[in-house]
Structures are given as C-alpha cells and as structure tokens.
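# Breakdown of the fold
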Amino acid sequence: MSELFIECKYIISGSECNNIIKNGAIIVEDNQIIAIGKKETVQKLVVGHDKLERMNHIAVPSYVNAHTHLPETLLRGICDNEKLDVWLNKFIWPFEMRMSSDDAYFGALLGCLELIEAGVAGFIDQYFYTESIEKAVNEAGIRALLCPSVFDNTPESGSLDKTWKYVRNLVSSKASNRKDLVNYGIGPHAPYTVPQDYLLEIKDLASKYSIPIHIHLNETEKEVEEAKANLGDTPIEYIHKIGLTGEKILGAHCVHTTDREREIMRETNLTVLHNPQSNLKMTSGIAPVYQYLDLGINVAVGTDGNASNNDLGMVEELTTTAMLQKYLANDPKVADNAEVLKLGTLYGMKAMGLESKGISEKSLADITLLSLEKSRWWPQNNPLSNVIYSSSSSDVTDLIVNGRVVYLNREHQFLDKEKIIEKCSSIANKILTEMGK
C-alpha cells in the first residue's frame with residue numbers, strides 16, 4: 001500500500017507529541033503524511049486510497065530503538081546473573097566467536113520480527129557481520145543505521161587490524177551510496193578496546209563521509225576508573241582530547257559522567273543512547289537523562305542487545321525511562337509524557353540522521369498503531385499517559401514504515417516468522433552445545 005487512509009480512535013500528533021486528535025484520520029501517499037485531522041474532514045480528501053479502519057486504536061509516531069546488537073537475539077537468556085566483565089568474557093564473546101555470517105543473518109531476521117511486532121520502524125546497530133544484518137533489514141522493510149564494529153578478535157575478520165581494514169572498505173563503499181531505509185555509520189566498540197591510532201583513522205573516515213561514530217562510553221564505574229588509569233582521562237574526556245568529538249558521536253550508555261564530561265557533551269555533537277533496562281539488569285547504574293536534557297544534550301532511548309535486556313520492545317523501555325528519571329531526580333515533574341515519547345521516537349530519528357515531525361503533514365510516514373482492546377487502556381482520561389504507562393508492545397497491531405505497511409493486523413507482510421524462529425532455535429542450540437552449556 002502506497003496510498004493509505006487510516007482511521008483511529010486517537011492520534012498522538014505534532015512535532016511535540018502532545019496534540020491528541022480524537023476520532024481522527026491520516027492520509028499517507030508514497031512515504032509522506034499528506035493530511036491529518038478529524039475523520040470527517042480528512043475523509044473528504046480520499047480518492048481510491050487503501051483503507052485501514054482502526055477505530056479502536058491509537059496512532060503514535062513509530063518507535064526507534066537507538067542502540068542494538070541485532071543478531072544477539074540468538075544469545076537471549078544465556079547469562080542473566082553476572083557483572084559486565086564476566087558476562088562478556090565468559091558467555092557473550094565465546095558464543096559470538098562461534099557465529100557464522102549465516103547465523104548472524106537469521107539472528108538479525110529474528111530481531112526484525114521482534115522489532116516490527118513491537119512497533120519499531122528503525123534501529124541503530126553496532127555489530128559485526130553487518131552485511132548479513134543489512135540483508136535481513138532489506139527483506140523486513142524497516143529502517144537501520146548500521147555501524148560495523150571495530151574490535152579485536154571478531155569471528156568475521158579476526159584481528160583488530162584485519163577488522164579495521166574490512167570495515168574501512170565496507171563503510172567507504174556503503175557511505176557513498178546512501179539509501180532511504182538503510183545507511184551506515186562506523187562502530188568502534190569502546191575506548192578501552194580500540195587503541196588511539198585506530199580511533200584517529202576512524203575519525204578521519206567519519207569526517208570524509210559525514211557519518212556518525214557509534215561507541216560505548218562510560219557504561220560502568222569500573223570502566224571509568226580503568227580509563228583514568230590506562231588512558232589518563234575518563235572515556236568522554238579522552239575521546240574529546242584526541243578529537244573524536246569533532247564528529248557526530250552516538251554514545252551508548254553514558255551512565256557515569258562528570259561535570260566536565262557533561263560540558264563536553266553539551267558543546268559537541270554527542271547524542272546519548274540511553275539503555276535503562278540493560279543498565280539495570282547488568283547493575284551498571286542509572287544514567288541522569290533528566291540532567292542531560294536540562295543541559296540541552298541530545299538523548300535517544302534504546303534497548304541494547306537481547307543478550308542483556310532481553311527484548312527489543314521500546315514501549316516498556318520508555319516506561320522504565322520515565323520512572324527511573326523521576327526517581328533519580330526525586331521530582332515527579334521530570335520526564336513528562338510527551339518528552340518521554342519523543343525520546344523513543346523523534347529523537348531516535350534525529351540520531352539516525354533523519355528529520356521527523358511525528359504524525360504531522362509533510363513528515364515521513366512511520367506510524368505505529370496500538371490496539372485499545374485491553375482493559376488496562378480504559379478509561380481514556382489521558383491517552384498519552386496510557387501510551388507511556390499502560391501500554392505494552394503486545395498492543396501493536398500495525399506498522400507503517402516509509403509509507404509501506406510491513407505489519408498488518410498482527411501479520412508480517414514480508415517475513416516468514418515460523419521458519420525464522422525454527423532456524424534460530426537450531427543455531428542457538430548448536431552453539432551452546434559446542435560451548436558445553
């Protein structure tokens with residue numbers, strides 16, 4: 001469907017995500033929203049459009065998952081009760097070293113299934129086997145900013161030097177051929193895993209193609225202390241000192257930051273990719289997002305990978321974000337409903353390098369429809385509050401990405417769910433058996 005007429009009980013509209021239209025309608029043509037308003041007004045403009053009658057639904061701007069490692073769907077549940085260093089060294093990296101490009105492709109397909117079912121139209125990824133992920137995303141029909149990992153001892157390329165040469169060539173070819181839905185950045189894992197000379201080359205490549213650098217920063221207190229000991233600075237101060245912050249930085253986590261680092265974040269083009277549930281589960285801490293927003297620092301919300309979250313649903317992530325920030329600030333007025341929704345929608349699009357005005361005329365047609373059938377949605381005293389605090393990813397029934405329906409009445413339009421689940425279960429079982437788990 002490229003011409004759509006969508007009827008909804010409620011629409012959360014506008015660039016501030018704070019305008020609620022009751023008994024509304026949306027017209028989509030090609031990849032844009034061309035009309036929105038009351039149903040009786042908008043329907044006068046309909047000429048041969050395919051109709052989606054969803055009068056027991058609420059329409060919201062589609063969610064964006066701002067930090068993922070998509071093929072980690074295969075690792076879901078393999079380690080739930082360890083600190084980050086043990087979790088990485090004893091479980092995650094040993095599993096990943098046994099993964100093939102084909103395994104990553106099917107893991108990414110499973111991730112696309114999960115994202116779509118959760119109403120997520122786009123995601124920002126950092127992983128290896130990026131071309132396998134791209135293949136899966138193209139089949140699924142959703143958006144992605146793919147940032148190939150630069151890291152030592154990867155299953156794809158081996159040593160850090162070989163990995164960097166491969167990633168440099170890949171990114172150079174992809175970044176010069178940008179597309180509507182899938183684009184590339186570059187993903188050095190972290191300052192503590194990628195030496196300075198490589199980071200400087202990465203900076204030059206990012207500058208040449210005007211692409212973002214997606215990097216883990218200040219995730220744990222231990223990481224910060226080790227950076228001070230080994231690098232002479234905290235992670236954000238370090239990347240600033242070597243000039244990396246002259247480029248667009250997508251900083252995953254940023255949990256433990258100093259006043260000086262926050263000043264750097266505010267003055268440079270750094271976007272915090274906040275992953276509250278993963279940080280809680282790994283006992284990494286709570287990022288002071290409310291302070292970042294007060295300072296004018298860009299923030300978008302993600303889930304992190306399935307190995308640490310363990311799901312990719314953004315509805316629940318936003319609920320967690322809102323509650324944690326109120327608790328951290330000891331102020332119920334922070335993280336208001338509209339701001340929280342933007343953290344998981346419009347701000348995520350901005351982090352991807354895209355401009356979105358939400359559900360507004362002349363905005364990209366990325367729309368998520370949630371069913372109001374469950375009793376927890378009622379009464380509708382405040383539909384926006386219900387989206388943040390009462391909804392669930394399981395409420396999603398339809399997803400429109402770039403004007404095209406990819407999920408219709410809870411049915412995938414382009415992916416074979418049964419086949420993908422069966423294949424991924426087989427892959428995970430095989431690798432865990434090899435690991436003796």
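This text gives an overview of the structure that appears in the document. Residue numbers restart at each chain and count upward from 1, following the sequence in its written direction. This being a predicted model, a pLDDT of at least 70 is required before a residue's local features are given, and a value of 80 or more before pairs of side-chain atoms are given or counted; all residues contribute to the totals for chains, interfaces and linings. To obtain the side-chain values, all non-hydrogen atoms of the structure were included, while hydrogens and water were left out.

Glancing now at the side chain of H69. Numbering goes from the N terminus for both helices and strands, where a helix is a DSSP run of H or I of at least four residues and a strand is a run of E of at least two. Mapped onto the fold, H69 is located in the loop between β5 (63–68) and α2 (84–96). For H69, a relative accessible area of 7% puts it in the buried group. Two N or O atoms form a polar contact when they lie within 3.5 Å of each other; inside protein one atom must be a possible hydrogen donor and the other a possible acceptor, and for residues adjacent in sequence the pair counts only when both atoms belong to side chains. A polar contact is formed between the side chain of H69 and the backbone oxygen of Q126, at a distance of 2.6 Å. Reaching out from H69, the side chain makes a polar contact with the side chain of D304 at a distance of 3.2 Å. Among residues more than four places away in sequence, those in contact with H69 are D125, Q126, Y127, H216, D304 and G305. Between buried and exposed lies partly exposed: a residue is buried under 20% and exposed over 50% of the maximum accessible area for its type, with that area taken using a 1.4 Å probe on protein chains only. Note on contacts: a residue pair is in contact if any heavy atoms of the two residues lie within 4.5 Å.

What follows deals with the packing of helix α3 (residues 101–117) against helix α16 (residues 417–434). Here, axes are lines fitted to C-alpha atoms. For helices the fit covers the stretch in contact, and angles between N-to-C directions go from 0 to 180 degrees. Contact pair α3 / α16: the axes reach a minimum separation of 9 Å and the direction vectors enclose 130°. As the angle between them shows, α3 and α16 are arranged oblique. The hand of the α3/α16 crossing is left-handed. Between α3 and α16, the residues in contact are D102, D103, F106, G107, L109, L110, L113 and E117 and K417, I420, I421, K423, C424, I427 and I431, respectively. Each residue gets one of three labels, nonpolar for Ala, Val, Leu, Ile, Met, Phe, Trp, Tyr, Cys and Pro, charged for Asp, Glu, Lys and Arg, and polar for the others, Gly among them. Split into classes, the residues belonging to the contact of α3 with α16 amount to nine nonpolar, one polar and five charged. For classification purposes, an angle smaller than 35 degrees is called roughly parallel, one larger than 145 roughly antiparallel, one from 65 to 115 roughly perpendicular, and anything else oblique. Two helices crossing with the near one rotated counterclockwise from the far one by less than a right angle form a left-handed crossing, whereas a clockwise rotation gives a right-handed crossing.

Looking now at the pattern of salt bridges. The term salt bridge refers to a pairing of a side-chain nitrogen on Lys or Arg with a carboxyl oxygen on Asp or Glu at a separation within 4 Å. Across all of its chains, the model carries 23 salt bridges by this definition. Salt-bridge contacts for E7 lead to K39; the nearest nitrogen and oxygen are separated by 3.8 Å. Placement of the pair is E7 in strand β1 (residues 3–13) and K39 in helix α1 (residues 39–42), with a sequence separation of 32 residues. A salt bridge links D398 to R54, with the shortest nitrogen-to-oxygen separation between them at 2.8 Å. With D398 in strand β15 (residues 396–401) and R54 in strand β4 (residues 50–61), this residue pair connects regions lying 344 residues apart in the sequence. Each of the two residues, D398 as well as R54, counts as buried. One salt-bridge network, held together by shared partners, links E7, K39 and K51.

Note on pairing: two strands pair once DSSP finds at least 2 bridges between them. Strands sit in the order β3-β2-β1-β4-β14-β15-β16-β17 across an open sheet of eight strands; the sheet is mixed. Strands with a single pairing partner mark the edges of an open sheet, and in this sheet they are β3 (32–38) and β17 (411–412). Here strand β2 (residues 19–29) pairs with β3 via six bridges, running antiparallel. Residue pairing in the sheet places I26 in a bridge with I36 of β3.

Looking now at the sheet that holds strand β10 (residues 213–217). On the basis of which strands lie adjacent, the open sheet formed by four strands has the order β10-β11-β12-β13 and parallel pairing. A single partner strand is all that each edge strand has here, and the edge strands are β10 and β13 (298–301). Averaged over all pairs of adjacent strands, the angle between strand axes in this sheet comes to 30°, irrespective of strand direction. Sheet analysis places strand β12 (residues 270–274) next to β13, joined by four bridges and oriented parallel. Looking at the pairing, T271 lines up with N298 of β13. Contacts from helix α12 (residues 314–329) reach β12 and β13, with the element oriented near 130° to β13.

This part covers the environment of T193. By the element assignment, T193 lies in the loop between β9 (187–188) and α6 (196–209). Here the alpha-carbon distance between T193 and H67, two residues 126 residues apart in the chain, equals 18 Å. At 2.9 Å, the side chain of T193 and the side chain of H189 are in polar contact.

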